[in-house]
Amino acid sequence: MTSPTAPPAPDPTTRLLHADRHFGVEQGGVHMAVHPSVQYGYERVEDLIGVFQGTLKNRFNYARQGTPTTAALEAKLTALEEGVGTVCFATGMAAVSAVFLTLLRAGDHLVASRHLFGNTHSVLGTLQGLGIQVGLVDASSAAAVADALTPATRMVFVETIANPGTQVPDLAGIGRLCAERGLVYVVDNTITSPALFRPKTVGASLSLNSLTKTIAGHGNALGGAATDTGLFDWSGFPNIFAGYRQGDAKQWGLVQLRKKGLRDLGGSLSSDHAHRIAVGAETLALRVAQSSATALSLARFLESHPAVARVHYPMLESHPQHALARAHFASGAWLLSFELQDPQACIPVINRLQIPIKATGMGDTRTLIIPVAPTIFWEAGLARRAEMGIAEGLIRVSVGLERESDLVADFAAALA
Ligand code: PLP
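Procedures and definitions
- Counting restarts for each chain: residues are numbered from 1 in the order of the written sequence.
- Local features are withheld for residues below a pLDDT of 70 in this predicted model, meaning they are given only at 70 or higher, and side-chain atom pairs are given and counted only at 80 or more; totals for whole chains, interfaces and linings count all residues.
- In computing side-chain values, all of the structure's heavy atoms are included and hydrogens and water are not.
- Each helix is a run of H or I in the DSSP string that is no shorter than four residues. Each strand is a run of E no shorter than two, and both are numbered from the N terminus.
- Radius of gyration here uses only the C-alpha atoms, and the compact-globule reference equals 2.2 Å multiplied by the residue count raised to the power 0.38.
- Buried residues are those whose accessible area, probed at 1.4 Å on protein chains only, stays under 20% of the maximum for their type, while exposed residues exceed 50% and partly exposed ones sit between those limits.
- Any pair of residues with heavy atoms lying within 4.5 Å of one another is described as a contacting pair.
- Reported accessibility uses the Shrake-Rupley method at a 1.4 Å probe radius. Residues are deemed covered only where the shown protein chains occlude them.
- All tallies of charge rest on Lys and Arg as positive and Asp and Glu as negative; His and the ends of each chain are not included.
- For this purpose, a charge sits on NZ of Lys, CZ of Arg, CG of Asp or CD of Glu.
- Note: two strands are recorded as paired if DSSP finds a minimum of 2 bridges between them.
- Fitted lines through C-alpha atoms serve as axes, helices being fitted only where they are in contact, and the angles separating the N-to-C directions of these axes extend from 0 to 180 degrees.
- When describing relative orientation, an angle under 35 degrees is termed roughly parallel and one over 145 degrees roughly antiparallel, while 65 to 115 degrees is termed roughly perpendicular and anything else oblique.
- Crossing handedness is defined as follows: a turn of the near helix away from the far one that is anticlockwise and smaller than a right angle gives a left-handed crossing, while the clockwise case is right-handed.
- Side-chain classes follow a simple rule in which Ala, Val, Leu, Ile, Met, Phe, Trp, Tyr, Cys and Pro form the nonpolar group, Asp, Glu, Lys and Arg form the charged group, and the remainder, Gly included, forms the polar group.
- Nearness here has a simple test: a residue counts as near a molecule or strand if at least one of its heavy atoms is within 4 Å of that partner.
- We call two N or O atoms a polar contact when they sit within 3.5 Å, provided that within protein one can donate a hydrogen and the other can accept it, with sequence-adjacent residues counted only if both atoms are side-chain atoms.

J.: When you look at the overall build of the protein in this model, what are you seeing that I'm missing?
T.: For the protein, the helix and strand inventory stands at 15 helices and 12 strands. By the compact-globule yardstick of 22 Å for 416 residues, the protein fits well, its C-alpha radius of gyration being 21 Å. Taking the principal axes of its C-alpha atoms as reference, the protein extends roughly 70 × 55 × 35 Å. A buried classification covers 55% of the 416 residues belonging to the protein. Expressed as a percentage of contacts within the protein between residues at least 6 apart in sequence, the contacts between residues at least 24 apart total 69%. A total of about 16800 Å² of accessible surface is found on the protein, and carbon and sulfur atoms cover 55% of it. With 33 positive and 34 negative side-chain charges, the protein shows a spacing of 4 Å between the two charge centroids.

Pasting the structure below:
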């Protein structure tokens, strides 16, 4: 959907805070109203036909393809990512799957980072079953990505900071490679969010966000989004269906994602969740700054502790891609993981913690902690975990907004 007329303020938060009242003021409301309607009716049937045929813009027909509330959120995400448009989905995984399933076809080849969120990795298995070949690489090296390309490669997929191992790809190097080879470059920006990084700056074609995480921020709404940065030339991409090769070519990818990915696959975001996500996003920059600062302090504390064998956090000098992280991100975000000297101590140490909640999920206001191998990567099995660099004793922490000293004291007590 097109962007709301936001005040011409340079700062994204300033623009975000005032976007709704400039989008469609209803009784002076400062939030876009929550539109529960599934159907959208018109006085003249010609208008309904116009909405279906796309000649009447920014109007609605059936909520599976969007509502005024989801459209307002899409416009805000487009502004945050400095893109040309966004399609929102019911979850981050709905966005990830829609991108793969609507933009790739049997016989295509996809190059993906070996270090990815487990469920995304699982989708890659589904793609292989559908005849899409997948090459997994160490994406911290653009040369490794280049070596994996074949004549059938259409897309490269990476996460800015990999969940849960925190590996960082050579984002700019891969961007240059994709531009040279005309490949769709998809960057999952979930862990960094647009508060710390805009994939457009490294030449990404699409930026994906699980809105469930730090953008919504309070663990009370599921959502996902794909934002087109406007950099990819869809007119040269063979997988755009003939019916969508009309008008501005910058919109072709998004049109296909909305029609095939949202309308047909049906993973649509509800207006209620879009509203909660939009309210959460208003404090995104503040929350990310605070939780990132706490995460760095906690990472430093853990690294100095004799019971801890390894800490994975991109802003630690010991992190293998520390230089890449420093070059790309404003700070290291709220995700860290660590391994104990004695992997057997993993469960009792977690149980001794009083503040972090033993739960999956990330990007919440509350700190969440989980042992990775027996939970979110259990289905992968031992061999796959080793291949993906997941140590059996790895513990993932999503740092929240608790006072840093309280959190560090709690970890100190649990490790003592
Ligand atoms: N991408 C990344 C990097 C994630 O960490 C996650 C979830 O943890 C997802 C996508 C999927 O998001 P959702 O839980 O909203 O489906």
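Let's pick the thread back up.
J.: When you look at the sheet that holds strand E5 (residues 184-188) in this model, what are you seeing that I'm missing?
T.: What holds strands together in a sheet is hydrogen bonding between their backbones, with the strands either parallel or antiparallel. Strand order in this open sheet of seven strands is E1-E7-E6-E5-E4-E2-E3, and the pairing throughout is mixed. At either margin of the open sheet sits one strand with a lone partner, and together these are strand E1 (85-89) and strand E3 (133-137). Shown here is a sheet whose adjacent strand axes are inclined to one another by a mean of 20°, direction ignored. Here three bridges tie E5 to strand E6 (residues 206-210), and the two strands are oriented parallel to one another. For valine 187, the partnering residue across the bridge sits in E6 and is serine 207. Docked against the sheet, helix H5 (residues 118-129) engages strand E2 (109-113), E3 and strand E4 (153-159), running at close to 145° with respect to E3. On the sheet, helix H7 (residues 171-181) packs against E4 and E5 and is oriented at approximately 155° with respect to E5.

J.: When you look at the packing of helix H1 (residues 12-23) against helix H3 (residues 68-81) in this model, what are you seeing that I'm missing?
T.: When two helices pack together, their arrangement is captured by the angle between the axes and the distance separating the axes. Direction vectors running N to C along H1 and H3 enclose 150°, while the axes themselves pass 10 Å from each other. Between H1 and H3, the crossing angle belongs to the class labelled roughly antiparallel. Of the two possible hands of crossing, H1 and H3 adopt the one that is right-handed. Mapping the contact onto sequence places Pro12, Arg15, Leu16, Ala19, Asp20 and Phe23 in H1 and Pro68, Ala72, Lys76, Ala79 and Leu80 in H3. Taken together, the residues that form the contact of H1 with H3 break down as eight nonpolar, no polar and three charged.

J.: Honestly, the environment of glutamine 133 in this entry has me stumped. Any pointers?
T.: Of note, glutamine 133 is situated in strand E3. Setting aside residues up to four positions removed in sequence, glutamine 133 forms contacts with Asp108, His109 and Leu110.

J.: Honestly, the site of the ligand in this entry has me stumped. Any pointers?
T.: Taken together, 13 residues form the shell around the ligand, and within it Gly92, Asp188, Ser210, Thr212 and Lys213 come nearest. Glycine 92 is positioned such that a nitrogen or oxygen atom in its backbone is 2.8 Å from an oxygen atom of the ligand. Side-chain polar atom of lysine 213 to an oxygen atom of the ligand: 2.8 Å apart, as the coordinates give it. Here the ligand, which alone exposes 390 Å², has 90% of that area covered by the protein. Of the residues in the shell around the ligand, the class split is three nonpolar, seven polar and three charged.

J.: Can you walk me through unusual backbone geometry in this structure?
T.: The general pattern is negative phi for most residues beyond glycine and trans for most peptide bonds. Look at the link from asparagine 163 to proline 164: it is a cis peptide, with omega at 10°. Residues other than glycine seldom take positive phi values, yet glutamate 82 does so here, at roughly 55°. Looking at the secondary structure, you find glutamate 82 in the loop between H3 and E1. Take glutamate 82: its relative accessible area is 39%, and that puts it in the partly exposed class. Positive phi outside glycine occurs at threonine 166, with the angle close to 65°. Note on placement: threonine 166 falls in the loop between E4 and H7.

J.: It is not clear to me how the packing of helix H4 (residues 92-103) against helix H9 (residues 252-264) should be interpreted in this structure. Could you clarify?
T.: Two numbers describe how H4 lies on H9: the axes approach to 9 Å, and their chain directions differ by 105°. Viewed along their axes, H4 and H9 adopt a mutual orientation that is roughly perpendicular. Taking contact as the criterion, the partners of Ala98, Val99, Thr102 and Leu103 in H4 are, on H9, Gln256, Leu257, Lys260 and Gly261. Looking at the contact of H4 with H9, its residues break down into four nonpolar, three polar and one charged.

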